[in-house]
Amino acid sequence: MTLIHSGVRAADKIGYVDMNILINNSPQILDANQSLTREFEAQNNEISQQESDLQVLEDSIRQEGNFMTPDELAKLQERARILERQVRRSKEDLKDAITIRNSQLVDEVQNEIKRVVADYAKANGYDVILISAILYANERIDITDEILAQLRREYNNPQP
């Protein structure tokens, strides 16, 4: 290692990783996104059905409302308002659940990426690995592609 003027040692080998590229392109995150879609598919389908039912109800009110008694029309309109509130609430609940689960999955993937970066750095003699908050990094120290390749290898060949 080289010595800097105040006794601080400079790292001999520095690498740089663009975390945004890794997070957006790792097979682990792509798999997590697919898992999220599957996990909430039934709830999403249920909301779509509710929206469809609401549309049928609103069409009925619009097309047949003039031919109904005031009581019949009022009951139908109330059912439509209730269903509309249910749809809105279901959408909000689903959005919240997806946000929470997505955050959990992203945290898991970020931890996996950190582990892979640390393992790669140790195996290849790096003293320091910098991440995305860098204003400039020479591309010769950018190891993002190597880390992404390692993430893909590990995804395709999981260890027990």
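In case you missed it, the structure is sitting above this.
No experiment lies behind these values; they were computed from the predicted model shown.

> A description of the packing of helix H2 (residues 27–39) against helix H5 (residues 144–156) should follow, citing residues and the corresponding values.
A pair of packed helices can be characterised by two numbers: the angle between their axes and the separation between those axes. Two elements in contact, H2 and H5, have axes whose closest approach is 8 Å; the angle formed by their N-to-C orientations is 55 degrees. Between H2 and H5, the angle falls in the class oblique. Across from Pro27, Gln28 and Asp31 in H2, the residues of H5 making contact are Leu151, Arg152 and Tyr155. Across the contact of H2 with H5, the residue classes break down as 3 nonpolar, 1 polar and 2 charged.

> Could you give an account of H5, with specific residues and numbers?
Taking 1.5 Å as the rise per residue, H5 with 13 residues should run 18 Å; its terminal C-alpha atoms sit 18 Å apart, in good agreement. Here H5 has its buried residues at Thr144, Ile147, Leu148 and Leu151. Buried residues in H5, looked at end-on, bunch into an arc of 100 degrees, giving them a common side. In H5, the exposed positions that point more than 90 degrees away from the buried face belong to Asp145 and Asn156. Residues of H5 that are buried sit in contact with strand E3 (14–16), helix H1 (19–25), H2 and helix H4 (70–123).

About the thresholds
What you see as residue numbers is a count from 1 along each chain, following the sequence as written. Only residues with pLDDT of at least 70 get local features here, since the model is predicted, and only at 80 or more are side-chain atom pairs given and counted; chain-wide, interface and lining totals rely on the full set of residues. Calculated side-chain values reflect all of the structure's heavy atoms, with hydrogen atoms and water omitted. To get an axis, a line is fitted to the C-alpha atoms, and for a helix only the part in contact is used. The angle between two axes follows their N-to-C directions and goes from 0 to 180 degrees. We count a stretch as a helix when DSSP gives it H or I for four or more residues in a row; a strand needs E for two or more, and each element gets its number in order from the N terminus. When describing relative orientation, an angle under 35 degrees is termed roughly parallel and one over 145 degrees roughly antiparallel, while 65 to 115 degrees is termed roughly perpendicular and anything else oblique. Whether two residues are in contact is decided by their heavy atoms, any of which lying within 4.5 Å being enough. The classification used treats Ala, Val, Leu, Ile, Met, Phe, Trp, Tyr, Cys and Pro as nonpolar, Asp, Glu, Lys and Arg as charged, and all other residues, Gly among them, as polar. Multiplying one less than the number of residues by 1.5 Å gives the expected span of a helix. Burial classes: relative accessible area under 20% of the type maximum marks a residue as buried, over 50% as exposed, and values in between as partly exposed (1.4 Å probe, protein chains only). In this description, the arc belongs to the directions extending from the helix axis to the C-beta atoms.

Honestly, it's all geometry; don't read function into it.
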